[in-house]
Amino acid sequence: MGRAGTGGQGAFERRMRVALLNCYLQGGHTENAEVESSARFVEAAQRLGIEARMFARSEDLADFQPDFVLSLSYNDAKLAGFPTYLLLTAPPRWFDALPRFRRNVLTYDGYWTVSPSVSRHVAALYAKAGKPDLCAFAALSCARTDFVPLDFSRAWAAYVGTNWDGGRHGDLFRALAAAGAARFYGKRERWSHLPAEALGGEVPFDGRSVLDIYRKAGIGLSLGHADFDAAGIPTSRTFEIPAASAVMIAARNALIEEAFGDAALYVDAGSAPEAAADAIRGHVEWVRARPKQALAMAEACHRAFNERFALETMIANAVDMHRRACRALGFAPPGAAGSAAGDGAGFAATVAIAVRDSSLRHFGRCLDSVLRQTLPAQRIVVLDATSRGRASDAVRARADARHVRCRRVARFPAGFAAQLARAWDDVAGDWVCCISADDVLYPNHLFAAAAAARRHGARGAPPAIVYSGTVQASDGHELPELLHDHYNVLRSERMRLAQFDFEGAGAPAARSPLDPAGCLLHVPALAGSAARRLARLRALAREGHIAFTAAVTFATSDGRRRAGDGRFGLPPD
């Protein structure tokens, strides 16, 4: 995991677009740390020539066309066809505790963290799933600031927070409030357990006002959840306090102690509340009595923040990781600058698209997704079962689709077997993918399949089936999460993860739950009569000749064909 990247000097060579995905906004939660930190990110990105916007839903990303997406929560999976990374700010045992959370972490193309313990944990999980370990040393911190000398002779300790988990440090804060050494900022109802005279008022979620609070106080309390400190995970206060040129009093936390050393003051937040309160009071009195020494500490802390944790550096690290991810995951075409030209060597695929009158309205979107594959299909076949051949007419009207083969089908029985039989004579290459016009291939669908087939083949014979995570989309209805647990947030997406599991690839005796449209099939493995082809396919699935890409590369809006199963299982040991 890198530490500094390019350092964020100057604007990047081209204008990028970054989408920040905050699923909490779906429930109307507009006053939280995610909103605050996103405002800072948008402002810092703008100064670097990057356009950044915040979104509540994956379904809203298409019009913005971001270069990449950063999800601020693991409450939802990767759902869109853009490179999508996850901001990890919580201890690994929190997302390990629920299958839905662990599934969601695995769906993302990469992740951001500044905690070594988190990066080690997720790297091991990704390695088990056969995913590249794409990690950026990054967080939504604060922009680089100029140091402002403060008057520490009458300083007090400020704590700013939404107090989302209620009673955290309750006895400690009550002891501090009684001593008058600290003030607490946030919504009054969240701090009702403290006396009114200890409250400093609400702070706007604008990315700037919180720094003014710490500058006014002179001292900031960086006390997080005990699980965060134990895992060496910072809170937003870890960045805000030094950015404001204030003295930081922090709980014992491996990352903070390594990064700031003697430039910060420390307290054992896990000790008895009165003892911890006495230690904080002692630090406050020390700062007031030695303002020159406190000033030197604050300046050293501020310098360490600017060098390692300022948003400009974090964004530069993230962009570097994104460029690596585009090459490693096939979001950049093979042969593009910096990519490995041989990534898709030897993987030639045919994509057959079945078009009926009922799906014609989605055909343009589907064809676009096939034509824009970063590993191009060797052949595209349109099976036109529309009245008056309207799909074929649409292909002829497109200059970029003149090499697409069209076959009129007067009568087209529903079902995968019928589609495969009609497409079989036009298949070129060793792989075939049969989809409906309701389906969309994310740009790295064929690339990810080629990589999975290559990994599987390195362990023995090539797989007969390659599949990936499947997204289900609705034109008009919100779709509930298929994996339910006690921590579900209010969800108002019209997209959901319908399938993401390793069962087909890892359990040879299991009956495959796969949606055939999301699979690529190895043509030589299905040689024989059309009547036996589907039976042969089922037998190969039962025997375990399946590779899973551990990626999300396929979406369908055909709800009748794919209701979703919500199944999830980890890779086998």
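Described below are features of the structure shown in this document.

Definitions and limits used
- Residues numbered from 1 in each chain as written.
- Predicted model: local features only at pLDDT ≥ 70, side-chain atom pairs only at ≥ 80, totals over all residues.
- Heavy atoms only, no water.
- Pairing = 2+ DSSP bridges.
- Helix = DSSP H or I, 4+ residues; strand = E, 2+ residues; numbered from the N terminus.
- Axes fitted to C-alpha atoms, helices over the stretch in contact; angles between N-to-C directions.
- Contact = heavy atoms within 4.5 Å.
- Parallel < 35°, antiparallel > 145°, perpendicular 65-115°, else oblique.
- Left-handed = near helix turned anticlockwise from the far one by under 90°.
- Core = buried A, V, L, I, M, F, W, Y, C linked by side-chain atoms within 4.5 Å.
- Buried < 20%, exposed > 50% of the residue type's maximum accessible area, 1.4 Å probe, protein only.
- Nonpolar A, V, L, I, M, F, W, Y, C, P; charged D, E, K, R; others polar.
- Salt bridge = Lys/Arg side-chain N within 4 Å of Asp/Glu carboxyl O.
- Disulfide = S-S within 2.5 Å.

## Observations regarding the sheet that holds strand β6 (residues 135–137)
Sheet strands associate in pairs through backbone hydrogen bonding, adopting either a parallel or an antiparallel arrangement. Read across the open sheet, the six strands follow the order β2-β1-β3-β4-β5-β6; overall the sheet is parallel. Strands with a single pairing partner mark the edges of an open sheet, and in this sheet they are β2 (50–55) and β6. Geometrically, the sheet is characterised by an average inter-axis angle of 25° between neighbouring strands, direction not taken into account. The sheet contact formed by strand β1 (residues 16–21) and strand β3 (residues 68–71) spans four bridges and is parallel. Within β3, the position partnered with L21 by the bridge is S71. With respect to the sheet, helix α4 (residues 116–129) is in contact with β5 (110–113) and β6, its orientation differing from that of β5 by roughly 170°.

## What about the packing of helix α5 (residues 170–179) against helix α10 (residues 273–289)?
One way to put it is that α5 packs onto α10 with a least axis distance of 8 Å and a crossing angle of 45°. As judged from the angle between their axes, α5 and α10 are oblique. Crossing of α5 over α10 shows right-handed handedness. Contacts from D171, L172, A175, L176 and A179 of α5 reach α10 at P273, E274, A276, A277, I280 and R281.

## Digging into the sheet that holds strand β9 (residues 199–201)
If you trace the six strands from one edge of the open sheet to the other, you get β9-β8-β7-β10-β11-β12, paired in parallel fashion. Strand pairing shows two members of the sheet lacking a second neighbour, β9 and β12 (265–267), which therefore form its edges. For this sheet, the mean angle separating the axes of adjacent strands, direction not counted, is 30°. Alignment of strand β8 (residues 182–185) against β9, held across two bridges, turns out to be parallel. Paired with Y185 across the bridge in β9 is G201. Against the sheet, helix α8 (residues 236–243) touches β7 (156–160), β10 (218–222) and β11 (247–251), its axis set at about 170° to β10. Docked against the sheet, α10 engages β7, β10, β11 and β12, running at close to 165° with respect to β12.

## Describing the nonpolar core
Counting residues in each nonpolar core, the largest one holds 96 residues, and the members touching the most others are F41, W112, F184 and F260. Ranked by residue count, the leading element in this core is helix α12 (residues 311–329), at nine residues. Listed in part, the 59 residues of the second largest apolar core include L88, V440, L521 and A550.

## What about the packing of helix α3 (residues 99–107) against α4?
In contact at an axis separation of 10 Å, α3 and α4 are set at 75° when each is read in the N-to-C sense. Taken together, the axes of α3 and α4 are roughly perpendicular relative to one another. Touching R102, V105 and L106 of α3 are V122, L125, Y126 and A129, all from α4. Residues that form the contact of α3 with α4 fall into these classes: six nonpolar, no polar and one charged.

## Brief notes about α5
Three or more residues of α5 are buried, namely G170, L172, F173, A175, L176 and A177. On its buried face, α5 is in contact with β7, β8, β10 and α10. After α5 finishes, the residue G180 shows a positive phi value of roughly 70°.

## Topic: the pattern of salt bridges
A complete count under the given rule lists 29 salt bridges for this structure. Between K78 and D109 there is a salt bridge whose closest N-O contact spans 2.7 Å. You can see K78 sitting in the loop between β3 and β4 (84–87) and its partner D109 sitting in the loop between α3 and β5, a full 31 residues away along the chain. The buried category is assigned to D109, whose relative accessible area is 4%. We note a salt bridge from R215 to D212, for which the minimum N-O separation is 3.5 Å.

## What to know about unusual backbone geometry
The phi dihedral of Q65 is positive, around 50°, even though this residue is not glycine. Tracing the backbone shows Q65 in the loop between β2 and β3. Given the relative accessible area of 48%, Q65 is considered partly exposed. The phi torsion at A550 lies on the positive side, around 50°, for a residue other than glycine. Counting through the fold element by element, A550 comes out in strand β21 (residues 546–556). The exposure class of A550 is buried, given its relative accessible area of 1%.

## Let's talk about the environment of A527
If you trace the backbone, A527 turns up in the loop between β20 (519–522) and α18 (530–542). For the pair A527 and L211, spaced 316 residues apart in sequence, the C-alpha separation works out to 68 Å.

## Structural notes on the state of the cysteines
Within the structure shown, the criterion is met by zero disulfides. In this structure C301 is a free cysteine whose sulfur lies 12 Å from that of C142, the closest cysteine sulfur available. On the accessibility criterion, C301 (0% relative accessible area) is buried. The thiol sulfur of C434 is not disulfide-bonded, and the nearest other cysteine sulfur, from C433, lies at 7.0 Å. Under the relative-accessibility criterion, C434 is labelled buried at 2%.

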